[in-house]
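# Chain and residue survey
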Amino acid sequence: QVQLVESGGGLVQAGGSLTLSCVVSGGTFSAYSMGWFRQASGKEREFVAAITWSGSSTHYADAVKGRFTISRDNAKNTVYLQMNSLKPEDTAVYYCAADRTKHTLVVITFEADFGSWGQGTQVTVSS
């Protein structure tokens, strides 16, 4: 069973940066596309970014495009989310997720396409 553990969240001032990490165990990490989602208090979980299993393609939500970067290190079974120019509206619990299927050819962005989830890490951006 695939297990995901996020880390790197915290409190940061607006304009600052954070890098989230998600370590994956129990599966063939390099075969799975990965994604980051977030859920602000009182709101539904929303897509943030995704990367294919090979790392060749990425996709971002419009709200974070140009500020966030998703990457992966298959040797370390880790996916990252580099977050720059953070805004108070980025405050949320951030979750990483793994694709249900191996070697998906296109970037996936729908929550239902992801079969395994981490427990989340809180990111708070103060104004």
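Throughout what follows, the structure given in this document is the object of discussion.

Conventions we followed
- Residues numbered from 1 in each chain as written.
- Predicted model: local features only at pLDDT ≥ 70, side-chain atom pairs only at ≥ 80, totals over all residues.
- Heavy atoms only, no water.
- Helix = DSSP H or I, 4+ residues; strand = E, 2+ residues; numbered from the N terminus.
- Rg over C-alpha atoms; globule rule 2.2 N^0.38 Å.
- Salt bridge = Lys/Arg side-chain N within 4 Å of Asp/Glu carboxyl O.
- Buried < 20%, exposed > 50% of the residue type's maximum accessible area, 1.4 Å probe, protein only.
- Phe/Tyr/Trp six-rings, centres within 6.5 Å; stacked < 30°, edge-to-face > 60°.
- Contact = heavy atoms within 4.5 Å.
- Polar contact = N/O pair within 3.5 Å; in protein donor to acceptor, adjacent residues only side chain to side chain.

Okay, the overall build of the protein chain next. Counting its secondary structure elements, the protein chain contains zero helices and eleven strands. Along the protein chain, helices (α) and strands (β) appear in the sequence β-β-β-β-β-β-β-β-β-β-β when read from the amino end. Relative to the compact-globule value of 14 Å for 127 residues, the protein chain shows a C-alpha radius of gyration of 13 Å, a close match. With respect to the principal axes defined by its C-alpha atoms, the protein chain has extents near 40 × 30 × 25 Å.

All told, the structure shown has five salt bridges when counted by the stated rule. As a salt-bridge pair, D62 and K65 come within 3.1 Å of each other at their nearest N and O atoms. According to the relative accessible area criterion, D62 is exposed, its value standing at 65%. Judged by its relative accessible area of 48%, K65 is partly exposed. The structure contains a network of salt bridges with shared partners spanning R38, E46, R67 and D90.

Tallied over the full model, the rule gives four aromatic pairs. An angle of 75 degrees between the planes, with centres 5.7 Å apart, marks the rings of F37 and F47 as edge-to-face. Of this pair, F37 sits in strand 4 (residues 32-39) while F47 sits in strand 5 (residues 46-51); the two residues are ten residues apart in sequence, bridging distant segments of the chain. As far as burial versus exposure is concerned, F37 and F47 are alike and both buried. Ring centres of F37 and F114 lie 5.2 Å apart, and the angle between their planes is 80 degrees; on these two criteria the pair is classed as edge-to-face. Here F37, found in strand 4, pairs with F114, found in strand 10 (residues 114-117); they are 77 residues apart in sequence, far enough to count as distant.

In this section: the environment of D90. For D90, the position within the fold is in the loop between strand 8 (78-83) and strand 9 (92-102). A C-alpha to C-alpha distance of 10 Å links D90 and V48, two positions 42 residues apart in sequence. Among all residues touching D90, those that are not within four sequence positions of it are R38, R67, F68, S85, V123 and V125. There is a polar contact of 2.9 Å between the side chain of D90 and the side chain of R38.

For R67, the location among the structural elements is in the loop between strand 6 (58-60) and strand 7 (68-73). Using a relative accessible area of 10% as the deciding quantity, one classes R67 as buried. Within the structure, the side chain of R67 is placed 2.9 Å from the backbone oxygen of S85, a separation counted as a polar contact. The residues touching R67, leaving out its near neighbours within four places in the chain, are Q82, M83, N84, S85, L86, K87 and D90.

This brings us to unusual backbone geometry. Here the phi dihedral of N77 falls at roughly 50 degrees; this positive angle occurs in a residue that is not glycine. Examined against the element boundaries, N77 turns out to sit in the loop between strand 7 and strand 8. By relative accessible area, N77 is classed as partly exposed at 27%. Backbone geometry places S85, a non-glycine residue, at a positive phi of 50 degrees. Tracing the backbone shows S85 in the loop between strand 8 and strand 9. Residue S85 is classed as partly exposed on the basis of its relative accessible area of 41%.

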